[in-house]
Amino acid sequence: MGHDLSVEFDINDQVTVEAVEMFRPDLIIAPYLRRAIPETVWRRHVCLIVHPGIKGDRGPSALDWAILGGEREWGVTVLQAAAEMDAGDIWASVPFAMRPGAKSSLYRREVTDAAAEAVLLAVERFAAGAFRPEPLDASVPDVRGTWHPLMREEDRAIDWRCDDTETILRKIRSADGFPGVRDRIGGVEFALFDAHPEAALRGPPGDIVGKRHEAICRATTDGAVWITHLKPAPADNERSFKRPAVLALGTMLEDVPEIPASGAETTWRDIWYEEKGAVGYLFFPFYNGAMGTAQCQRLEAAYRKACACDTRVVVLMGGEEFWSNGLHLGAIEAADSAPEESWHNINAMDDLCRAILTTGSHLTVAALRGNAGAGGVFLALAADRVMAASRIVLNPHYKNMGNLYGSEYWTYRLPKRVGAAGVEEVMGRRLPIGARQAAGIGLIDGCFEARGEALDAAIRAYAEDLAGDSFAETVRRKNERRQADERKKPLESYRREELERLRLNFFGFDPSYHVARYHFIRKLPLARTPFYLARHRRIGPRSG
């Protein structure tokens, strides 16, 4: 919108006050606030708080209560900071239809979309100067929200002997992302995350009746649920972290049967394939976009199987929440040797990328319906075409993870897309890139403006067009370019050079990657805002 923007993390009151004094902002926006803004700040400046609730909703667990209560419509409200929590004047409010999804999923999609719309509307109204915000008045018909306290563990505790599948799903979904639902498995306390319904399996309620890849299946009173991730209770005053459920339970699952994934939609799968005409679609909605070693290997096998079909185009669909975020840092942190698991994981990612890069029989499309970061972005660049929903954000860099160098053949694919000069701009700035901006600089090929079912239809139309009459000529030119590139510099050379740098990250004397991963995976509070975000700390106070 052309405004002058800077960012400061809310570390503590002193830091916030200092940042405001340095930048002298006309407007302050708090998009994800965990504590009150200092009174000395909100009394002197207009501070807009983005609250994930409808008009009148107040309290720190807005979306949690909405999910647990089965709300059919919710919204995001932008309100002005005041003495009473969430009771300030309303600058904008945008509703959305609720779906039976996890809290983290709703945040990434419906809440984010509504928040962006509401914030831009509020900023536009503030800049115009004539708008008067709406005082909160419970007697107004469209103000139907109420105060809700912080949701407690007992509010969503699971009673496996009584709760049915739908109730258990709502409880786990209401806590997904954070803090998880506390429960006991084999006498050990865990927090449960990422639950999905299972229609066929049965057993005594609460028992683990099956495992599949990294997930476990627990019986309910009327069915079962798959749970993909667990967080053990903290030990020795050290913060715990999420990890794949099978990895967390270890030997406790020795007698639990492995349940093969069927083609039915009534069970949980993290990889599946669909075919329509001359196009195959490969889905891989991995939790948080993290791709562990085994997941990469299974996805590579599924991809090779898709390329053996009598089709012309393979579309890599990823997931709706994330397309991919690269390495599974949780699995790496939980491994006996983090450096060794890092090495195995990146090589499995590279094997998958190479399989896509060297595909000669098909045209490949990476269709990014959700965000992508780090190695996930460069996995997408292995495809012949990269298209993205216009709403998504890319983080195509590794440096934030302890100056990690990265692999996935990025030194081959990135210069071809953005040129030598663009490489430093993409990899060095460490800033998010919106899909439209990414298309503008050539990082991706284009954007889809549609959403939901219309987005899926747009992807299908794009892929079917590639599979049309010009397919044979397009594939021929593609293979000629690949052969010419191979003669100039083999793919193996790019991989070897990247891995030599990564070996230093994983096994060298500099522990930066391991320290950064430790802090990231445990969500330790940040001590400062990086200078590349805190523009005011680079340029000093604004004039005027």
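What you see is a predicted model; the values in this text were computed from it and never measured.

Calculation criteria
Residues numbered from 1 in each chain as written. Predicted model: local features only at pLDDT ≥ 70, side-chain atom pairs only at ≥ 80, totals over all residues. Heavy atoms only, no water. Axes fitted to C-alpha atoms, helices over the stretch in contact; angles between N-to-C directions. Helix = DSSP H or I, 4+ residues; strand = E, 2+ residues; numbered from the N terminus. Parallel < 35°, antiparallel > 145°, perpendicular 65-115°, else oblique. Contact = heavy atoms within 4.5 Å. Nonpolar A, V, L, I, M, F, W, Y, C, P; charged D, E, K, R; others polar. Salt bridge = Lys/Arg side-chain N within 4 Å of Asp/Glu carboxyl O. Pairing = 2+ DSSP bridges. Phe/Tyr/Trp six-rings, centres within 6.5 Å; stacked < 30°, edge-to-face > 60°. Buried < 20%, exposed > 50% of the residue type's maximum accessible area, 1.4 Å probe, protein only. Lys NZ or Arg CZ within 6 Å of the ring centre and 35° of its normal.

A. Looking closely at the packing of helix α9 (residues 338–357) against helix α16 (residues 512–521). Look at α9 against α16: their axes get within 11 Å of each other, and the N-to-C directions meet at 90°. Considering the angle they form, α9 stands roughly perpendicular to α16. Of α16, the residues touching α9 (which contributes A338, P339 and S342) are Y513, H514 and R517. For the contact of α9 with α16, the per-class residue count stands at three nonpolar, two polar and one charged.

B. The pattern of salt bridges, seen in detail. One pass over the structure, following the stated rule, counts 43 salt bridges. Linking R304 and E300 is a salt bridge whose minimum nitrogen-to-oxygen distance equals 3.0 Å. Within this pair, R304 and its partner E300 are both found in helix α7 (residues 293–307), separated by four residues, close to a single helical turn.

C. Seen up close, the sheet that holds strand β19 (residues 433–434). On the basis of which strands lie adjacent, the open sheet formed by four strands has the order β14-β16-β18-β19 and mixed pairing. The sheet is open, and its two borders are formed by β14 (322–324) and β19, each paired with just one other strand. Strand direction decides the pairing type here: strand β18 (residues 393–395) and β19, joined by two bridges, are antiparallel. Within β19, the position partnered with V393 by the bridge is G434.

D. Structural view of the pairing of strand β6 (residues 188–198). Strand direction decides the pairing type here: strand β5 (residues 181–185) and β6, joined by five bridges, are antiparallel. Paired with V181 across the two strands is L192, which belongs to β6. The loop that links β5 with its antiparallel partner β6 comprises two residues; one of these, G186, has a positive phi angle of about 60°. Across eight bridges, the pairing between β6 and strand β9 (residues 224–232) is antiparallel.

E. Up close: the packing of aromatic side chains. On inspection of all chains with the given rule, the structure shows 15 aromatic pairs. A ring pair is formed by W91 and F131, whose centres lie 5.6 Å apart and whose planes are at 45°; its orientation type is tilted. With W91 in strand β4 (residues 90–97) and F131 in the loop between α4 (103–128) and α5 (165–174), this pair connects stretches of sequence that are 40 residues apart. Assessed through its relative accessible area of 6%, W91 is described here as buried. Ring centres of Y405 and W410 lie 5.5 Å apart, and the angle between their planes is 55°; on these two criteria the pair is classed as tilted. Ring-pair connections join several aromatic residues into one group, and the members of that group are W343, F506, F507 and Y513. Residue placement shows K489 over the ring face of Y494; its charged tip is 4.3 Å from the ring centre.

F. Up close: the sheet that holds strand β13 (residues 313–318). The sheet built from six strands is open, its strands ordered β11-β12-β13-β15-β17-β20 with mixed pairing. Every interior strand has two partners, whereas the edge strands, β11 (272–276) and β20 (446–448), have only one. The mean inter-strand angle of the sheet, taken between neighbouring strand axes irrespective of direction, is 25°. Strand direction decides the pairing type here: strand β15 (residues 363–368) and strand β17 (residues 385–389), joined by four bridges, are parallel.

In short, the description is geometric, and any link to function would need to be established separately.
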